[in-house]
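Spelled out, the chains give:
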Amino acid sequence: LFRSPAPTVSAIFEADATLPDGTVVESGAEVVKTWSVRNNGSAPWPADTVISHVDGEMAGTAAEFAVGEVGVGASANVEVTLVVPAVTEQEQQRACKSVWQLSSQATGVFGDQLWCEVSAKWENVEVAPAATFFGNLFGPPAVVVAAPEIADDAAGAAAAAAAATATATLDA
């Protein structure tokens, strides 16, 4: 008696849709990585298919991202949001990698592992000093140089600038 093989769930990498390997990115930045992946199996990917972080120092903003159902022979853009690790002024630039794998509850892991390999670069960021009530009464404004991880947003940058200006004024 001949039995037909059980349908298989599989995936094959087709192309980097964004961030080709070696792309230089600012340390501390959030970046979106998109891969083009094809269902090369004999069964559709289940509706609960996700892509999960399995290795590497460049973590995602979430441990897994929803992918969903993809029909047999169809291609899909699989997307994750990554946080580029901090790079020190002494390092200047370094390679960072993040490895991801498709899975579902019914099938477990399947298909090619997907990765993002970028070159994180230290950026010297100048932040304008915060305005003070007394203006420049106590001398010229201080120039604050902050690493990107300190100046993640406008509020953080303003707070860092205000603290540095206050410190510079007290030291003068």
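*Asks:* I keep staring at the overall build of the protein chain and nothing clicks. Help me out?
*Replies:* Summing up its helical and strand segments, the protein chain has 1 helix and 10 strands in all. When burial is assessed residue by residue, the protein chain has 33% of its 172 residues classed as buried. Considering only contacts in the protein chain between residues 6 or more positions apart, those separated by 24 or more positions represent 67%. Working note: accessible area of the protein chain is about 9800 Å², and carbon and sulfur atoms make up 56% of it.

*Asks:* I tried to follow the sheet that holds strand 3 (residues 30–38) on my own but got confused; where do I start?
*Replies:* Pairing within the open sheet is antiparallel, and its 3 strands lie in the order 1-3-6. The sheet is open, and its two borders are formed by strand 1 (12–16) and strand 6 (75–83), each paired with just one other strand. Averaged over neighbouring strand pairs, the angle between their axes works out to 35° when direction is ignored. The pairing of strand 3 with strand 6 spans 9 bridges and is antiparallel. Paired with arginine 38 across the strands is serine 75, a residue of strand 6.

*Asks:* When you look at the packing of aromatic side chains in this model, what are you seeing that I'm missing?
*Replies:* Aromatic ring pairs are described here by two measures, namely the spacing of the ring centres and the angle between the planes. Under the criterion given, the structure shown has 2 aromatic pairs. A ring pair is formed by phenylalanine 65 and tryptophan 100, whose centres lie 5.8 Å apart and whose planes are at 50°; its orientation type is tilted. Separated by 35 residues along the polypeptide, phenylalanine 65 in strand 5 (residues 64–66) and tryptophan 100 in strand 7 (residues 93–104) bring together distant segments of the chain. For tryptophan 100, a relative accessible area of 0% gives the class buried. Geometry around tryptophan 115 places lysine 97 over its ring, the cationic atom sitting 5.0 Å from the centre.

*Asks:* How should I be thinking about the side chain of serine 98 in this particular structure?
*Replies:* In this structure, serine 98 sits in strand 7. Among the polar contacts made by the side chain of serine 98, one reaches the main-chain carbonyl oxygen of methionine 58 at a distance of 2.6 Å. If near-sequence neighbours (up to four positions away) are discounted, serine 98 is found in contact with His53, Asp55, Gly56, Met58, Leu82, Leu114, Trp115 and Cys116.

*Asks:* Help me out: how do you make sense of the pairing of strand 8 (residues 108–121) in this one?
*Replies:* A regular strand places its side chains so that they alternate between the two faces of the sheet. Two elements, strand 2 (residues 23–26) and strand 8, share 4 bridges in a ladder whose sense is parallel. Paired with threonine 23 across the bridge in strand 8 is valine 118. Pairing of strand 7 with strand 8 involves 11 bridges; the strand directions are antiparallel. The residue of strand 8 that forms the bridge with serine 103 is valine 109. Where strand 7 hands over to strand 8, the hairpin turn is made up of 3 residues, counted between the paired strands.

*Asks:* Please explain the environment of serine 103 as it appears in this structure.
*Replies:* Along the polypeptide, serine 103 turns up in strand 7. Relative accessible area serves as the criterion here: at 14%, serine 103 is assigned to the buried category. C-alpha separation for the pair serine 103 and valine 50, spaced 53 residues apart in sequence, amounts to 5.6 Å. Leave out the neighbours within four places in its chain, and serine 103 touches Asp48, Thr49, Val50, Ser52, Gly108, Val109 and Phe110.

*Asks:* Could you clarify how one ought to interpret the environment of glutamate 79 in this entry?
*Replies:* Positionally, glutamate 79 belongs in strand 6. Along the sequence, glutamate 79 and tryptophan 35 sit 44 residues apart, while their C-alpha atoms lie 6.5 Å from each other. Residues contacting glutamate 79, with those up to four places away along its chain left out, are Val32, Lys33, Thr34 and Phe65. At 3.4 Å, the side chain of glutamate 79 forms a polar contact with the side chain of threonine 34.

Conventions adopted
Residues numbered from 1 in each chain as written. Predicted model: local features only at pLDDT ≥ 70, side-chain atom pairs only at ≥ 80, totals over all residues. Heavy atoms only, no water. Helix = DSSP H or I, 4+ residues; strand = E, 2+ residues; numbered from the N terminus. Buried < 20%, exposed > 50% of the residue type's maximum accessible area, 1.4 Å probe, protein only. Contact = heavy atoms within 4.5 Å. Areas by Shrake-Rupley, 256 points an atom, 1.4 Å probe, with all protein chains shown as cover. Pairing = 2+ DSSP bridges. Axes fitted to C-alpha atoms, helices over the stretch in contact; angles between N-to-C directions. Phe/Tyr/Trp six-rings, centres within 6.5 Å; stacked < 30°, edge-to-face > 60°. Lys NZ or Arg CZ within 6 Å of the ring centre and 35° of its normal. Polar contact = N/O pair within 3.5 Å; in protein donor to acceptor, adjacent residues only side chain to side chain.

Don't take any of this as a statement about function, it's just geometry.
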